[in-house]
Amino acid sequence: MIRLGVNIDHVATVRQARRANEPDPVAAAVLATLGGADGITIHLREDRRHIQDRDVYLLRETVTTRLNLEMAAYDEIIAIALKVKPDEATLVPEKRQELTTEGGLDVIANAASVQGAIEKLKSANIHVSLFIDPDSAQVDASARLGADAIEFQTASYSEAKGAAAVQHELEKLRTATAQAVGLGLHVHVGHGLNYWNVQPIVRIPGVEELNIGHSIVSRAVLVGMERAVREMKHVMQEHHPNPRKSG
């Protein structure tokens with residue numbers, strides 16, 4: 001079955017709005033795991049707008065599944081990753097003025113810094129993924145630089161209007177996934193996915209993992225984190241082409 005990584009950044013966003021002690025992302029991670037999350041995803045941004053250093057270290061001690069640390073290829077953040085040793089580091093683009101990550105990492109334009117980060121992280125036995133657009137040249141560059149996995153950003157898909165536009169974006173994801181698998185890359189997807197638009201995504205052959213945050217955290221505000229995660233897992237299982245063969 002496709003794995004579900006639950007991004008808990010926005011739990012920290014609520015906490016930081018009041019510079020308070022709650023809600024605690026660590027507690028949210030525990031409840032997400034009880035709900036069936038296969039991993040926990042966090043983004044330690046340079047400006048520390050939500051996840052804090054304290055969260056990263058505590059989550060490394062408490063997450064019992066997989067900890068995925070999203071990060072820009074900044075020396076300061078790389079140094080923290082090398083200390084924390086998450087199971088996976090996902091390199092993403094980062095701009096201070098953005099509300100959330102916008103678009104994929106341009107691996108080609110930033111080849112030197114990306115390759116340097118990959119080499120440092122892999123030397124510490126950290127699995128490295130690159131958050132990229134579903135673009136053939138970016139996929140090739142990711143494989144060439146030594147990434148273990150890629151995560152296709154699905155903003156273009158999730159924001160598409162009309163059936164034709166949605167199908168066009170789905171076809172791009174299918175084609176890019178097939179290319180990545182052929183190059184030996186593991187394929188993850190995420191950004192803007194929710195309980196409805198995730199349904200066609202889980203049917204794409206070769207996709208191994210979804211990383212979903214805002215939709216699950218939004219649902220959790222109303223029904224609780226454990227139930228929100230369980231509901232997402234149910235949708236994924238219900239629409240997977242071979243649910244009984246997965247495990």
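Model, not experiment: these values are computed from the prediction. (Residues numbered from 1 in each chain as written. Predicted model: local features only at pLDDT ≥ 70, side-chain atom pairs only at ≥ 80, totals over all residues. Heavy atoms only, no water.)

A. View of the environment of D87. Inspection of the secondary structure assignment puts D87 in the loop between helix 4 (75-84) and strand 4 (88-91). Between the C-alpha atoms of D87 and M71, which are 16 residues apart in sequence, the distance is 13 Å. Among all residues touching D87, those that are not within four sequence positions of it are R60, T65, R66, L67, I126 and H127. Only 3.3 Å separates the side chain of D87 from the side chain of R60, close enough to count as a polar contact. (Helix = DSSP H or I, 4+ residues; strand = E, 2+ residues; numbered from the N terminus. Contact = heavy atoms within 4.5 Å. Polar contact = N/O pair within 3.5 Å; in protein donor to acceptor, adjacent residues only side chain to side chain.)

B. View of the UniProt feature "active site" (unreviewed entry) in the protein. Here, UniProt's "active site" (unreviewed entry) annotation points to H43, E70 and H191. Annotated residues spanning 149 residues; largest pairwise C-alpha distance 12.9 Å, indicating a single compact cluster. Residue H43 is classed as buried on the basis of its relative accessible area, which comes to 2%. Counting through the fold element by element, E70 comes out in strand 3 (residues 67-71). In this structure E70 comes out as buried when scored by relative accessible area, which is 9%. (UniProt positions renumbered as here; feature names shortened; annotations may be inferred. Buried < 20%, exposed > 50% of the residue type's maximum accessible area, 1.4 Å probe, protein only.)

C. Inspection of the pattern of salt bridges at higher detail. A full pass over the atoms with the stated rule returns 18 salt bridges. The salt bridge involving E209 is made with R3; its shortest N-O contact spans 3.0 Å. Of this pair, E209 sits in strand 8 (residues 207-212) while R3 sits in strand 1 (residues 3-7), and the two are 206 residues apart along the sequence. The class of R3 is partly exposed, set by a relative accessible area of 27%. For K122, the salt bridge identified is with D148, shortest N-O distance 3.5 Å. Note that K122 is positioned in helix 5 (residues 111-123) and D148 in the loop between helix 6 (136-144) and strand 6 (149-153), a separation of 26 residues in sequence. A relative accessible area of 34% means that K122 is categorised as partly exposed. (Salt bridge = Lys/Arg side-chain N within 4 Å of Asp/Glu carboxyl O.)

D. Representation of the environment of V26. Mapped onto the secondary structure, V26 falls in helix 2 (residues 25-34). Along the chain, V26 and I8 lie 18 residues apart, while their C-alpha atoms are 8.9 Å from each other. Not counting chain neighbours up to four residues away, the residues in contact with V26 comprise R54, L58, L59 and T62.

E. The pairing of strand 3, seen in detail. Among the five residues that make up strand 3, five are buried, leaving the element largely enclosed by the rest of the structure. Relative to strand 3, strand 2 (residues 39-43) runs parallel, the two sharing four bridges. Bridged to T41 within strand 3 is N68. Since strand 2 and strand 3 lie parallel, the crossover through helix 3 (residues 53-62) that links them has a hand, and here it is right-handed. Crossover handedness for the path strand 3 to helix 4 to strand 4: right-handed. (Pairing = 2+ DSSP bridges. Right-handed = clockwise from strand over helix to strand, strands pointing away.)

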